[in-house]
Amino acid sequence: MDLSDQVVVVTGGGRGIGRALCSRFVAEGARHVVVADLNRDAAEAVAGECGGVARVCDVAREEDVVRLIDETESTLGPIGVFCANAGITVKGGEETPNDDWQHIWDVNVMSRVYAARHVVPRMLARGGGYFISTASGAALLTEIGSASYSVTKHADLAFAEWLAIRYGREGIKVSCLCPLGVDTGFLDHDDPVHQYLSDTSITPEEVAEAVIEALRSEQFLIVPHPRLLDFFQLKATHYPNYLRGMQKMRMKWSRRAS
C-alpha cells in the first residue's frame, strides 16, 4: 500500500494512537489526513500539528459517520484509507449496566459497521481501498478487568476478518491492529491489570510505525508486541493451559488490588 497522495480518515485522531497515526500518515505523503474526533479541540490541535483537516464526529452515531465520509469526499476527494480507530473501555464484568454495554458496543463495534457500510461501496466502485480497524490485544486474548471491552474487541476483530474474507478479492484491503499496552491515557496506573501492561508498554509512535510497516506488505494482523503472538499461540494450541494461566493472573492482580 502506497500512502502517497491518498486521502486518509482517522477516527479517534485527537489523542493517543490516532494522533500518532495522523502524523505518520502525513509523513508518508498522504495528500489529506482527516483528524476525526468527538472532541473538537483535540481534533483541531492535532490537525494543526500535522497539517491535517479537523472534523468532529461521534462514531457511535451512524449519521455522524455518514456526514464524515460525505464531507471528506466532497471537499477533499475519494477516501483511499479509512482508519476506524476510535474506542473506549468500561471496567467491570457481567454487572456492568446495560447502558454502558450498549455504549461500548456502539463505539467499538457498530462504528466499524457504519464506516464499512458507507465507505466500502465507494471504494469498490473505484476499484479498491484500505480499511484499518484498531482492535486490541484483548481481541486475541482477553482483558481481565473488563468483560465489555473483551467482548467488543473480539467482535471488532471478527468484523475485520469478515471484511477481509468478503472483499479481499475485490480490491479492498483490510488490516486489524492489536496492540497490548500503549503509553496513552487509556492506561489506568492504579489498576493492577494496567500496571502489568505498563511494564511492557510502547509509545503511540511505535504503534504507528508498526502500522506503516504492515501496510507496505498489506498484512492483515498488526501486532506491535511480538510476545502477544506467543500468548495467542498458547491459547490456540493449549486452551486449558491458557485459561489456567489467565485465572492465576486474575487472582494475583486481585490480591494486589486489595
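Residues numbered from 1 in each chain as written. Predicted model: local features only at pLDDT ≥ 70, side-chain atom pairs only at ≥ 80, totals over all residues. Heavy atoms only, no water.

Undergrad: What is the right way to read the overall build of the protein from this model?
TA: Per the secondary structure count, the protein includes 9 helices and 7 strands. C-alpha extents for the protein along the principal axes are approximately 55 × 40 × 35 Å. Considering the protein as a whole, with its 258 residues, one finds that 50% of them fall into the buried category. A fraction of 68% describes how many contacts in the protein between residues 6 or more apart in sequence connect residues 24 or more apart. About 12,000 Å² of surface is accessible on the protein, with carbon and sulfur atoms providing 52% of the total. Counting 26 positive and 34 negative side-chain charges, the protein places the averaged centre of each group 5 Å from the other. (Helix = DSSP H or I, 4+ residues; strand = E, 2+ residues; numbered from the N terminus. Buried < 20%, exposed > 50% of the residue type's maximum accessible area, 1.4 Å probe, protein only. Contact = heavy atoms within 4.5 Å. Areas by Shrake-Rupley, 256 points an atom, 1.4 Å probe, with all protein chains shown as cover. Lys, Arg positive; Asp, Glu negative; His and termini not counted. Charge placed at Lys NZ, Arg CZ, Asp CG, Glu CD.)

Undergrad: What's the story with the pattern of salt bridges in this structure? I'm lost.
TA: Side-chain pairs of opposite charge can arise where the charged atoms are in close proximity. Evaluation of the coordinates by the stated rule reveals 19 salt bridges. A salt bridge links R216 to E28, with the shortest nitrogen-to-oxygen separation between them at 3.4 Å. Linking R216 in helix α7 (residues 204–216) with E28 in the loop between α1 (16–27) and β2 (32–37), this pair joins segments that are 188 residues apart in sequence. Look at R216 and you get partly exposed, because its relative accessible area is 45%. Taking the shortest distance from any N to any O, the salt bridge between R166 and E170 comes out at 2.7 Å. (Salt bridge = Lys/Arg side-chain N within 4 Å of Asp/Glu carboxyl O.)

Undergrad: What am I meant to see in the pairing of strand β3 (residues 53–56) here?
TA: Burial along β3 is one-sided: V53 and R55 are buried, while A54 and V56, pointing the other way, are not. Relative to β3, β2 runs parallel, the two being bridged by 4 bridges. Within the sheet, the bridge partner assigned to D37 lies in β3 and is V56. Handedness of the β-α-β unit built from β2, helix α2 (residues 40–50) and β3 comes out right-handed. (Pairing = 2+ DSSP bridges. Right-handed = clockwise from strand over helix to strand, strands pointing away.)

Undergrad: Would you take a moment to explain the environment of Q6 for this structure?
TA: Position of Q6 among the secondary structure elements: in the segment before β1 (7–11). Sequence spacing of Q6 and G80 is 74 residues, and the spatial spacing of their C-alpha atoms is 5.6 Å. Once residues lying within four places of it in the same chain are set aside, the contact partners of Q6 are M1, A30, R31, H32 and G80.

Undergrad: Is there a simple way to think about the packing of helix α4 (residues 98–126) against helix α5 (residues 147–167) in this case?
TA: The packing of two helices is summarised by the inter-axis angle and the distance between the axes. Where α4 meets α5, the closest approach of the two axes is 8 Å, and the angle between their N-to-C directions is 15°. In this view, α4 runs roughly parallel relative to α5, as classed from their interaxial angle. When the axes of α4 and α5 are compared, the crossing they make is right-handed. Where α4 abuts α5, its residues W101, I104, W105, N108, V109, R112, V113, A116, V120 and L124 lie against A147, S148, Y149, V151, T152, K153, A155, D156, F159, L163 and Y167. Its residues assigned to classes, the contact of α4 with α5 shows 15 nonpolar, 3 polar and 3 charged. (Axes fitted to C-alpha atoms, helices over the stretch in contact; angles between N-to-C directions. Parallel < 35°, antiparallel > 145°, perpendicular 65-115°, else oblique. Left-handed = near helix turned anticlockwise from the far one by under 90°. Nonpolar A, V, L, I, M, F, W, Y, C, P; charged D, E, K, R; others polar.)

Undergrad: Is there a simple way to explain the pairing of strand β6 (residues 172–177) in this structure?
TA: Regular strands place their side chains on alternate faces of the sheet. The buried fraction of β6 is high, at 5 of 6 residues. Both strand β5 (residues 129–134) and β6 contribute to a ladder of 6 bridges, which runs parallel. Its bridge partner being in β6, G129 is matched across the sheet by I172. At this point the chain moves from β5, through α5, to the parallel β6, and the crossover so formed is right-handed.

Undergrad: Would you take a moment to explain the packing of aromatic side chains for this structure?
TA: A ring pair, where both rings are aromatic, is described by two values, the distance of the centres and the angle of the planes. If you walk through the whole model with that rule in mind, you get 4 aromatic pairs. A centroid spacing of 6.1 Å and a plane angle of 85° characterise the contact between W162 and Y167, whose relative ring orientation is edge-to-face. Centre to centre, the rings of Y239 and Y242 are 5.9 Å apart; their planes meet at 75°, and the pair counts as edge-to-face. Pair noted here: Y239 and Y242 are both in helix α9 (residues 239–257), with a separation of 3 residues, about one helical turn. Take Y239: its relative accessible area is 43%, and that puts it in the partly exposed class. Ring pairs connect the aromatic residues F159, W162 and Y167, which therefore count as one cluster. (Phe/Tyr/Trp six-rings, centres within 6.5 Å; stacked < 30°, edge-to-face > 60°.)

Undergrad: Mind showing me how you'd approach α4 here?
TA: Along an α-helix, residues three or four positions apart point the same way, because every turn accommodates 3.6 residues. With 29 residues, α4 ought to run about 42 Å at 1.5 Å a step, and its terminal C-alpha atoms sit 40 Å apart, in line with that. The axis of α4 is deflected most strongly, by about 45°, at M110. Looking at the residues trailing α4, positive phi occurs at G127, about 100°. (Expected span 1.5 Å × (residues − 1). Bend = angle between axes of the 7 residues up to and from the residue.)

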